[in-house]
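# Residue-level structure breakdown
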Amino acid sequence: MPNYWLFKSEPQSYSIDDLQRDGTTPWSGVRNYQARNFMQAMSVGDEAFFYHSSCAVPGIVGVCLVVRTAYPDATAFDSRSEYYDPKSSPETPRWFNVDVKFLRAFSDVVPLTRLREIATLTNMPLLQRGQRLSVQPVRATEWRAILKLA
DNA sequence: GCCAACGTTGGC
DNA sequence: GCCAACGTTGGC
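Overview of the structure. (Residues numbered from 1 in each chain as written. Chains lettered and ligands numbered in written order. Predicted model: local features only at pLDDT ≥ 70, side-chain atom pairs only at ≥ 80, totals over all residues. Heavy atoms only, no water.)

### A closer look at the pairing of strand E4 (residues 59–72)
Across 6 bridges, strand E3 (residues 47–52) lies against E4 in antiparallel orientation. Within E4, the residue paired with Phe49 across the bridge is Val63. Hairpin remark: E3 followed by E4, antiparallel, with 6 residues in the connecting loop; positive phi at Ser54, about 50°. Pairing of E4 with strand E5 (residues 96–111), which is carried by 10 bridges, proceeds in the antiparallel orientation. Counterpart to Cys64 in the pairing with E5 is Phe102. (Pairing = 2+ DSSP bridges. Helix = DSSP H or I, 4+ residues; strand = E, 2+ residues; numbered from the N terminus.)

Spelled out as structure tokens, the structure:
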């Protein structure tokens, strides 16, 4: 059985359309320990929702697939990258990323406001006040309920 | 180890 | 643009 997850991204930075174009991409740039730990817990075959944040209609816009387990995030080693972290080195990497592959873009975004209306989803981390995790787990019941909305 | 200051996230 | 919430930093 696969596990389910959710990845947030600002579409102006990297959108579901960008992932569709690229096919597969490293989910690099995550600089939060809890989010990193979730990526390290992922297996090949896990599926994830793609969430657009900080945009006109925040919400879930599609589905992607984990195709490579966590490995050191190369952007942390690159002093020219906006994600550079001098405390991370190839010898003792601090940040990791998985690779994700595009699976599907919903014909319509499932807006955050719609998610808040669904009783099954009330315990999702995504919907909790003040939570900001950019990578988070999704329960199988929640996964199915959201697919029905899409 | 405490905690104030600061920076970031992200909905609205 | 506002601002609440939260994580991180660094002085002590």
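Picking up where we left off.
### Quick look at the protein's contact with DNA strand B
All residues in the neighbourhood of DNA strand B are listed as Lys8, Tyr51, Ser53, Ser54, Pro58, Leu112 and Arg132. The separation between a phosphate oxygen of DNA strand B and a polar side-chain atom of Tyr51 is 2.7 Å. Between a base oxygen of DNA strand B and a side-chain N or O atom of Arg132, the distance comes to 2.7 Å. Tallied by class, the residues present in the surface near DNA strand B amount to 3 nonpolar, 2 polar and 2 charged. (Near = heavy atom within 4 Å. Polar contact = N/O pair within 3.5 Å; in protein donor to acceptor, adjacent residues only side chain to side chain. Nonpolar A, V, L, I, M, F, W, Y, C, P; charged D, E, K, R; others polar.)

### Things to note about the environment of Phe77
If you trace the backbone, Phe77 turns up in the loop between E4 and E5. Judged by its relative accessible area of 28%, Phe77 is partly exposed. Taking the C-alpha atoms as reference, Phe77 lies 8.9 Å from Lys87; in sequence the two are 10 residues apart. The residues touching Phe77, leaving out its near neighbours within four places in the chain, are Pro72, Tyr84, Ser88, Ser89, Pro90 and Pro93. (Buried < 20%, exposed > 50% of the residue type's maximum accessible area, 1.4 Å probe, protein only. Contact = heavy atoms within 4.5 Å.)

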